[in-house]
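What the coordinates show
Here is how the chains run, residue by residue.
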Amino acid sequence: MCVTFGSGQSLPITHIGNTSLNNSTTLQNVLVVPNLTKNLLSINRLTNDSNVDVLFSNNYFNVQDRKTGEILARGICENGFYVLTQSHKSLVVVLSASHLRAPFNKWHSLLGHVAFDTITTLNKLGHVFLTSLLPKPGLCNSCELSKAKHLPFVENNKHAQQVLDLIHCDLWGPAPIASTDGYLYYVIFVDDYSRFTWFYPLKAKSDFYHILIIFFNFVQNQFSTSVKVFQSDGGTEFINHRVQNCFQEHGIHHRLSCPHTPEQNGRVERKHRHITETGLAIMFNAHAPSKLWVDAFTSATYIINRLPTKILENKSPFEILFKQPPSYSNLRISISL
Ligand SMILES: [Zn+2]
């Protein structure tokens, strides 16, 4: 591929990719042309991707905010070329905010095919900015294929008082297809206080003990407190000498949910359903093969931890756990073959 100039000369494009102006700003689909001596900015892309207008005069130009008219950057005309001169700090701020601006369908897809009312909530809270109105219902094939129902969660508001007071855990598998790295199982740990979820893939059920130790070391070090109560069903991965000794050594009370009352494990069961439905929707949307299920489920968990929920008074598990709202500007559809 080449870039052709007005003079008829063309120069080869060696790469297409994203680059950042600073830590928080990414310019997308940037063409790398090594033989070009100046960096060129497309006015069409700038005015489409960001909420700015560009006003050209005979010897200068201004980049200004489309709504307020505030001048964000200036440039001059040199030998027939318009050159950005003034420090473009304010332009950088607008460009980074523009990554949060997207139509409803784009956010629906970036957030793992989330229910439309969650996107409306994020918009109201100012975490994302919608550039389109609500689409017609039933428009998304991926949602229908993953049979995601997005049922309102019927859940009581009771929860633990502190982080790590109560951890819910469950293990699923074997998956019908091994992942690219040979994983067949996965385990999730849900913190009852924040509803934050940790997802770990496993190659065999017997790897659970090792993962449990990794999880305890990680959370206890990160949050400077220890797990008090650990709730699970009576699966053999939990009821064996090694795991029981581990609970004893760490002073953890192991609470078993009763065999015939799965609702006692409801919190972790609902998380599991949410992760699989979201993960499958991401895979259908990306036309990804089944062996990428670990990548899809990891992304789903990442997204779900960042979605506001009514149970947490429209805050996300991330915000409860880390006491600050998450950033939504770095979400990309990243499943690749
Ligand atoms: Zn969808």
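Predicted model, so just to flag it, every value in this text is computed and none were measured.

Let's shift gears to the overall build of the protein. When helices and strands are tallied, the protein shows 10 helices and 15 strands. Out of the 337 residues belonging to the protein, those deemed buried represent 27%. Residue pairs at least 24 apart in sequence account for 55% of intrachain contacts in the protein once pairs closer than 6 positions are excluded.

In this section: the sheet that holds strand β6 (residues 60-65). Reading across the sheet, the 4 strands line up as β5-β6-β7-β8 and stay open at both edges, with antiparallel pairing between neighbours. A single partner strand is all that each edge strand has here, and the edge strands are β5 (52-56) and β8 (81-84). Between one strand axis and the next, the sheet turns by 25 degrees as a mean value, whatever way the strands run. Judged from the 5 bridges that link them, β6 and strand β7 (residues 71-78) form a sheet pairing that is antiparallel. Looking at the pairing, Y60 lines up with I76 of β7.

The next thing to look at is the nonpolar core. The tendency in soluble globular proteins is for nonpolar side chains to be buried as a group. Of all hydrophobic cores here, the largest spans 46 residues; its most connected members are I167, Y186, V187, L202, A296, F297 and A300. Taken together, the elements giving at least two residues each to this core come down to α4 (116-124), β11 (166-172), β12 (185-191), β13 (197-202), α6 (208-223), α8 (266-286) and α9 (293-304). If you tally residues by element for this core, the top one is α9, at 7 residues. If sequence neighbours within four positions are ignored, Y186 has contacts with W172, G173, F199, Y200, P201, L202 and F297.

The share of residues in the protein with pLDDT of 70 or more is 78%, and the mean pLDDT across the chain is 81. Of all helices and strands in the protein, the one with the weakest mean pLDDT is helix α2 (residues 89-98) (56), whereas β13 scores best (97). Throughout residues 148-153 the model reports pLDDT below 50, and contacts reaching past four residues in sequence, or to other chains, amount to 7 contacts.

What follows is about the packing of α8 against α9. Across the interface, α8 lies against α9 with an axial gap of 8 Å and an inter-helix angle of 120 degrees. Looking at the two axes, α8 sits oblique to α9. Considering how the two elements wind past one another, α8 and α9 form a crossing that is right-handed. On the side of α8, the interface is formed by H274, I275, T278, G279, I282 and M283, while α9 contributes W293, A296, F297, S299, A300, T301, I303 and I304. In terms of residue class, the contact of α8 with α9 is made up of 9 nonpolar, 5 polar and no charged.

What follows covers the sheet that holds strand β15 (residues 253-256). Across the sheet, 5 strands lie side by side as β13-β12-β11-β14-β15; this open sheet has mixed pairing. In the strand order of this sheet, the two ends are held by β13 and β15, each with one partner. The sheet shows a mean angle of 20 degrees between the axes of neighbouring strands, taken without regard to direction. Here β11 pairs with β12 via 6 bridges, running antiparallel. Paired with L171 across the bridge in β12 is V187. Against the sheet, α6 touches β11, β12 and β13, its axis set at about 150 degrees to β13.

Rules used throughout
- Residues numbered from 1 in each chain as written.
- Predicted model: local features only at pLDDT ≥ 70, side-chain atom pairs only at ≥ 80, totals over all residues.
- Helix = DSSP H or I, 4+ residues; strand = E, 2+ residues; numbered from the N terminus.
- Buried ≥ 20, exposed ≤ 12 C-beta atoms within 10 Å, placed from the backbone.
- Contact = placed C-beta atoms within 7 Å.
- Pairing = 2+ DSSP bridges.
- Axes fitted to C-alpha atoms, helices over the stretch in contact; angles between N-to-C directions.
- Core = buried A, V, L, I, M, F, W, Y, C linked by C-beta atoms within 7 Å.
- pLDDT = per-residue confidence, 0-100.
- Parallel < 35°, antiparallel > 145°, perpendicular 65-115°, else oblique.
- Left-handed = near helix turned anticlockwise from the far one by under 90°.
- Nonpolar A, V, L, I, M, F, W, Y, C, P; charged D, E, K, R; others polar.

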